[in-house]
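Chains, contacts and geometry: an overview
Below, each chain spelled out in residue letters.
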Amino acid sequence: MERYKKIGPIKIKDLWFDTDNFLNSKEKIVCLHTNERLEQQDYDAVFIGQTLLLDISQALDSIYKGFEPKSCRYCIRKSLKDGLIVKQAKTEEEYRKYLDFENKFCMEKGIPQVSLEEMVKLDVFYALSSKGEFLGGCAFIVSETEKIARYKYGSTLHKMNANEAILWKAICFYHDAGIQIFDFGGVIPTDDADNYYYRHYHFKKKFGGTLSNSYNYYKMSGIYKVAYEIWNVIVKLFFDGDLNEATNWLNRCGLIK
């Protein structure tokens, strides 16, 4: 998948898993998000993060048994017992309903909102209570060539174990579709219960994935290389190297489009 985003006056071509497009791009600045390790001559800069990768090429029973029994498997069973329903969005109305829910969450958290143009390119799964209450959903991006499905966006009311049920539904769907790897969309590992990322990390960890590197590669020309070096210093000095927080700050300043 590709999209264009703007940070102030700077236009960036943003690619997911499309290495060939990245390597052949003539854009002034282009970014590639991937789990693939590239040769150093193929890029100008890289941010290395971490994610959890789950092998879903094995039997579904084996995948399920790899989940933590109390904090994960029990939650999935209870959600089904309580009548929770998980559906895949098919219509524009379904996409819009989830998009409105997601962007309300983004506004509350001060993180970049999502456009309908981008959302309809993703797979969306959402949860309803037995009474029809919309409990939230998740959106996933798929690389058919690399056989990877990646968790891209997610927000719920944290009711009826909707998060666990949605992810299990998505894993089952991608398993049946022949996808081999389920990428939980990035984590910052920590065992410090006071750390902002603690709950986020341990929620994803209970599904049993393997901690792996993920990469944001950049190719730039001319003045953009200088701008990047300045930005990199800002991230290190003022955000302790936390690119996510730096990006959220740019969004709060109204600079991301």
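Owing to the predicted nature of the structure, the values given are computational and were not obtained by experimental measurement.

Now for the side chain of Thr-190. With respect to the helices and strands, the residue Thr-190 is situated in the loop between strand S9 (181-183) and helix H7 (198-205). What makes Thr-190 buried here is its relative accessible area of 11%. Of the polar contacts made by the side chain of Thr-190, one reaches the backbone nitrogen of Asp-192; its length is 3.0 Å. The residues contacting Thr-190, other than those within four sequence positions of it, are Asn-195, Tyr-197, Tyr-198, Tyr-201 and His-202.

Per the stated rule, a full pass over the model turns up 0 disulfides. Sulfur of Cys-138: no disulfide; nearest cysteine sulfur belongs to Cys-106 and is 13 Å away. Judged by relative accessible area, Cys-138 falls into the buried class, the value being 3%. The closest cysteine sulfur to the non-disulfide-bonded Cys-172 is located on Cys-72, 11 Å from its own sulfur. Judged by its relative accessible area of 17%, Cys-172 is buried.

Tracing the backbone through its elements, the reader meets Thr-210 in strand S10 (residues 210-220). Between the C-alpha atoms of Thr-210 and Thr-51, which are 159 residues apart in sequence, the distance is 8.1 Å.

Geometry of a packed helix pair, given as the angle between the helix axes and the separation of the axes. The geometry of helix H3 (residues 69-81) relative to helix H6 (residues 162-176) is characterised by a closest axis approach of 8 Å and an angle of 90° between their N-to-C directions. Overall, the two elements H3 and H6 adopt an arrangement that is roughly perpendicular. Counting all contacts with H3, which are made through Ser-71, Cys-75, Ile-76 and Ser-79, the residues of H6 involved are Glu-164, Ala-165 and Trp-168. Split by residue class, the contact of H3 with H6 holds 4 nonpolar, 2 polar and 1 charged.

Rules used throughout
- Residues numbered from 1 in each chain as written.
- Predicted model: local features only at pLDDT ≥ 70, side-chain atom pairs only at ≥ 80, totals over all residues.
- Heavy atoms only, no water.
- Helix = DSSP H or I, 4+ residues; strand = E, 2+ residues; numbered from the N terminus.
- Buried < 20%, exposed > 50% of the residue type's maximum accessible area, 1.4 Å probe, protein only.
- Polar contact = N/O pair within 3.5 Å; in protein donor to acceptor, adjacent residues only side chain to side chain.
- Contact = heavy atoms within 4.5 Å.
- Disulfide = S-S within 2.5 Å.
- Axes fitted to C-alpha atoms, helices over the stretch in contact; angles between N-to-C directions.
- Parallel < 35°, antiparallel > 145°, perpendicular 65-115°, else oblique.
- Nonpolar A, V, L, I, M, F, W, Y, C, P; charged D, E, K, R; others polar.

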